[in-house]
Amino acid sequence: MDIRTILYVHVYLLLGMATGLIVIAWHPHFRHFRNLAAAFLAGAGSTLLRLADARLPSVISIVCANGLLLVTFVLLHRCIAGFVQGGSRTKRLEALLVGSGVVLLAFFTLVHPSLAVRSLVVSVGCGVIAVLSAWVLLQGCGEGAERVPCRATAGLLLLFVLTTVLRCAGVLLHTVPREYFASSLINVINLFGFQIVIVGVPLGYFWMTATRLWARQNELARTDPLTGLPNRRALEEWGERAMAQSRSERMSFAVLAIDVDHFKQINDRYGHEGGDVALRALAQALAAAVRKEDLVARLGGEEFVVAFWNEGMGRTQRTAERIRQIVEAMHIDVEGEMVRVTVSGGVAVLESGDTFETVLRRADRALYAAKLAGRNRVMVDASLVPAG
Ligand code: GH3
Ligand code: MG
Ligand code: MG
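Keep in mind that what you see is a predicted model, and the values were worked out from it rather than measured.

**Q** Can you help me understand the overall build of the chain in this one?
**A** Helix and strand counts for the chain stand at eleven helices and seven strands. Taken over C-alpha atoms, the radius of gyration comes to 31 Å for the chain, far larger than the 21 Å a tight globule of 388 residues would show. Per-residue burial over the chain gives 48% buried out of 388 residues. Restricting to contacts in the chain with at least 6 residues of sequence separation, those with at least 24 account for 67%.

**Q** Could you clarify how one ought to interpret the coordination of the magnesium ion (ligand 2) in this entry?
**A** Ideal geometry at a metal centre: 109.5 degrees between donors when four sit tetrahedrally, and 90 or 180 degrees when six sit octahedrally. Ligation of the magnesium ion (ligand 2) by protein atoms is provided by Asp 259 (OD), Glu 302 (OE) and Glu 303 (OE), these donors lying 2.3 to 2.7 Å from the ion. Each donor residue of the magnesium ion (ligand 2) lies on the same chain, and together they follow the pattern D-x42-E-E. Between the magnesium ion (ligand 2) and the magnesium ion (ligand 3), the interatomic distance is 3.6 Å, and Asp 259 donates to each metal, bridging them. With a gap of 44 residues between them, Asp 259 in strand S1 (residues 253-260) and Glu 303 in strand S3 (residues 303-309) connect regions that are remote in the sequence.

**Q** What exactly am I supposed to notice about the sheet that holds S1 here?
**A** The strands making up a sheet are joined through hydrogen bonds of the backbone, oriented either antiparallel or parallel. Pairing in this open sheet of five strands is mixed, and the strands run S2-S3-S1-S6-S7 from one edge to the other. The open sheet has two edge strands with one neighbour each: strand S2 (295-300) and strand S7 (378-380). The sheet shows a mean angle of 20 degrees between the axes of neighbouring strands, direction not considered. In terms of strand pairing, strand S6 (residues 343-349) meets S7 through three bridges, oriented parallel. The residue of S7 that forms the bridge with Gly 345 is Val 378. Taken strand by strand, helix H8 (residues 232-249) contacts S1, S2 and S3, and its axis lies near 25 degrees from that of S3.

**Q** Looking at this structure, I do not really get the packing of helix H6 (residues 147-172) against helix H7 (residues 185-221). What am I missing?
**A** Between two packed helices, what matters for the description is the angle formed by their axes and the separation of those axes. For the pair H6 and H7, the least separation of the axes is 9 Å and the interaxial angle reads 165 degrees. One finds that H6 runs roughly antiparallel with respect to H7. Taken as a pair, H6 and H7 cross one another with a handedness that is left-handed. Class assignment for the residues of the contact of H6 with H7 results in 18 nonpolar, nine polar and one charged.

**Q** Just to check I follow, could you spell out the coordination of the magnesium ion (ligand 3) for this structure?
**A** Within the protein, the atoms that donate to the magnesium ion (ligand 3) are Asp 259 (OD), Val 260 (O) and Glu 302 (OE), at distances of 1.8 to 2.2 Å. If you list the donors of the magnesium ion (ligand 3) from N- to C-terminus, the spacing comes out as D-V-x41-E.

**Q** How should the state of the cysteines be read in this particular structure?
**A** Where two cysteines share a covalent bond between their sulfur atoms, that bond is called a disulfide. The final tally for this structure, using the stated rule, is one disulfide. There is a disulfide in this structure between Cys 141 and Cys 150, and the S-S distance comes to 2.3 Å. Pair check on accessibility: Cys 141 and Cys 150 agree, each one buried. Take Cys 79: it sits in no disulfide, and the sulfur closest to it among the cysteines is that of Cys 150, at 13 Å. Note on Cys 126: no disulfide assigned, nearest cysteine sulfur contributed by Cys 168 at a separation of 10 Å. Taking the relative accessible area as the measure of exposure, Cys 126 reaches 0% and is therefore buried.

**Q** What exactly am I supposed to notice about the domain arrangement of the chain here?
**A** Frequently, the measure chosen for interface size is the accessible area removed from exposure when the parts meet. Here the chain is partitioned into domain 1 (3-220) and domain 2 (232-380). Of note, the centres of domain 1 and domain 2, computed from C-alpha atoms alone, are 54 Å apart.

**Q** Sorry, what's going on with the pairing of S1 here?
**A** Counting buried positions along S1 gives eight out of eight residues, so the element sits mostly inside the fold. With seven bridges joining them, S1 and S3 adopt antiparallel strand pairing. Residue pairing across strands places Ala 257 opposite Val 305, the latter belonging to S3. The pairing of S1 with S6 spans seven bridges and is antiparallel. By the bridge assignment for S6, Ile 258 is matched with Gly 345.

**Q** In this structure, what is going on with the nonpolar core? I would like to understand it.
**A** Within soluble globular proteins, side chains that are nonpolar tend to cluster in buried spots. Counting residues in hydrophobic clusters, the biggest one holds 50 residues, and the most contacted among them are Leu 36, Phe 73, Cys 126, Leu 137 and Phe 160. Contributions of two or more residues to this core are made by helix H1 (3-25), helix H2 (34-51), helix H3 (58-85), helix H4 (91-111), helix H5 (115-140), H6 and H7. Looking at this core, the element that brings in the most residues is H3, giving eleven residues. In this structure Leu 137 touches Ile 80, Val 84, Cys 150, Thr 153, Ala 154, Leu 157 and Met 208, once residues within four positions along its chain are discounted. Grouped together as the second largest cluster of nonpolar side chains are 33 residues, Ile 258, Ile 266, Val 349 and Val 380 included.

**Q** Just checking my understanding: could you explain the side chain of Glu 94 for this structure?
**A** As for its position among the elements, Glu 94 is in helix H4. Ignoring sequence-local partners within four residues, the contact set of Glu 94 consists of Val 74, His 77, Arg 78 and Ser 88.

**Q** Just to check I follow, could you spell out unusual backbone geometry for this structure?
**A** Outside of glycine, negative phi angles account for most residues, and trans bonds account for most peptide bonds. Even without being a glycine, Arg 250 presents a positive backbone phi close to 55 degrees. Its place among the elements puts Arg 250 in the loop between H8 and S1. Since its relative accessible area comes to 79%, Arg 250 is described here as exposed. The phi dihedral of Arg 375 falls on the positive side, at around 70 degrees, and the residue is not glycine. When you line up the elements, Arg 375 lands in the loop between helix H11 (356-372) and S7.

**Q** Before we go on, may I ask you to explain the site of ligand 1 in this structure?
**A** Close contacts around ligand 1 come from 16 residues, with Asp 259, His 262, Phe 263, Asp 276 and Arg 375 the closest. Phe 263 places a polar main-chain atom, nitrogen or oxygen, 2.7 Å from an oxygen atom of ligand 1. At 2.9 Å, a side-chain N or O of Lys 371 approaches an oxygen atom of ligand 1. Calculation on ligand 1 without its partners gives an accessible area of 650 Å², and the protein chains cover 67% of this total. If you list the elements that add at least two residues to the shell around ligand 1, you get S1 and helix H9 (263-289). For the shell around ligand 1, the element with the highest residue contribution is H9, accounting for seven residues. Here the shell around ligand 1 is composed, by residue class, of three nonpolar, five polar and eight charged.

What counts and what doesn't
Residues numbered from 1 in each chain as written. Chains lettered and ligands numbered in written order. Predicted model: local features only at pLDDT ≥ 70, side-chain atom pairs only at ≥ 80, totals over all residues. Heavy atoms only, no water. Helix = DSSP H or I, 4+ residues; strand = E, 2+ residues; numbered from the N terminus. Rg over C-alpha atoms; globule rule 2.2 N^0.38 Å. Buried < 20%, exposed > 50% of the residue type's maximum accessible area, 1.4 Å probe, protein only. Contact = heavy atoms within 4.5 Å. Donors = N, O, S within 2.8 Å, 3.2 Å for Na, K, Ca; no water. Pairing = 2+ DSSP bridges. Axes fitted to C-alpha atoms, helices over the stretch in contact; angles between N-to-C directions. Parallel < 35°, antiparallel > 145°, perpendicular 65-115°, else oblique. Left-handed = near helix turned anticlockwise from the far one by under 90°. Nonpolar A, V, L, I, M, F, W, Y, C, P; charged D, E, K, R; others polar. Disulfide = S-S within 2.5 Å. Domains from an automatic or database assignment. Core = buried A, V, L, I, M, F, W, Y, C linked by side-chain atoms within 4.5 Å. Near = heavy atom within 4 Å. Polar contact = N/O pair within 3.5 Å; in protein donor to acceptor, adjacent residues only side chain to side chain. Areas by Shrake-Rupley, 256 points an atom, 1.4 Å probe, with all protein chains shown as cover.

Rendered as structure tokens:
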């Protein structure tokens, strides 16, 4: 196998990818691709210098080329650390690895030439940085959709580390040929290892980025921007899940529809922004008043729904009444003035033949009854009697 030809293809690929990434990274949303573009450029530069060895002094073709290779790994690590931790926490170690690597490479090129020691220096340097990157990925991407791409990328990095271990073993056992471009098995394995990093790790990085963007998009589509609470779509999904569980496990659930009383007056008195402050404070109070398996959603305007997972009428009524009292006791700071609000609520519990929509509709009917009965109270759907 002609290793020089493979390396030329390598350079074309790296330069092509770097150009594409530089164009993409121009967009402010994709600034973080700059490190990746720089890594590709450094990788291409390193390989080109290596290929031009006959025409360049060894300090450039060997020391600079391998130094650039270490820099490529550091830049890839910065991408990964930036993604997982918001930035690298091992900058000193990275500088130390590159700095000591270059000094050792210069020594074993100019003072005491030794291909074997240089191979060890480069393999250990790149291997250690790859282990750092894999460690960051395995530690940082705990739960969620990003876990799979993070683990896959860490797996690729560890595969590369394995190839560097093989190369080091080959060097120590004197089976590595003296000629850098010789078509030996160990050189091919080594080249394969670098291909994994140069093609596989960026692909893993794209996969991680796409997964994160998708998850954020999904979250945004399910979040109310004013209060940060789940919105109607999230409530509908909660309902689908609850209905499915109620069929398979005989789980019950209940909903409480809430509407702020005379909210228009708050807006009239304190302006729309004052009303927004009150809505945010209410949202926080509601979210704090329920268990984590329950859902507080803002349907829009000053209307909220609390969905109680696996709860019957009795406890839901008591919780609804507690929520009403919490709101009644609140003093909301709107531009220095302590504003008080009350809410009306309607409770409905899943019954046989119900869909999630019919339960919601009955809760709404009970809420309407609470408004008619004078507001600042909770009514239950079954008998339309005051709760508590
Ligand atoms: P009731 O007790 O019968 O519910 O009276 P109300 O005044 O609360 O009800 P109404 O439906 O007449 O008014 C609701 C008001 O909520 C009208 C609307 O301007 C206001 N509103 C809707 N969405 C928002 C919002 O996002 N922010 C603010 N500040 N106000 C909102
Ligand atoms: Mg309303
Ligand atoms: Mg209202």
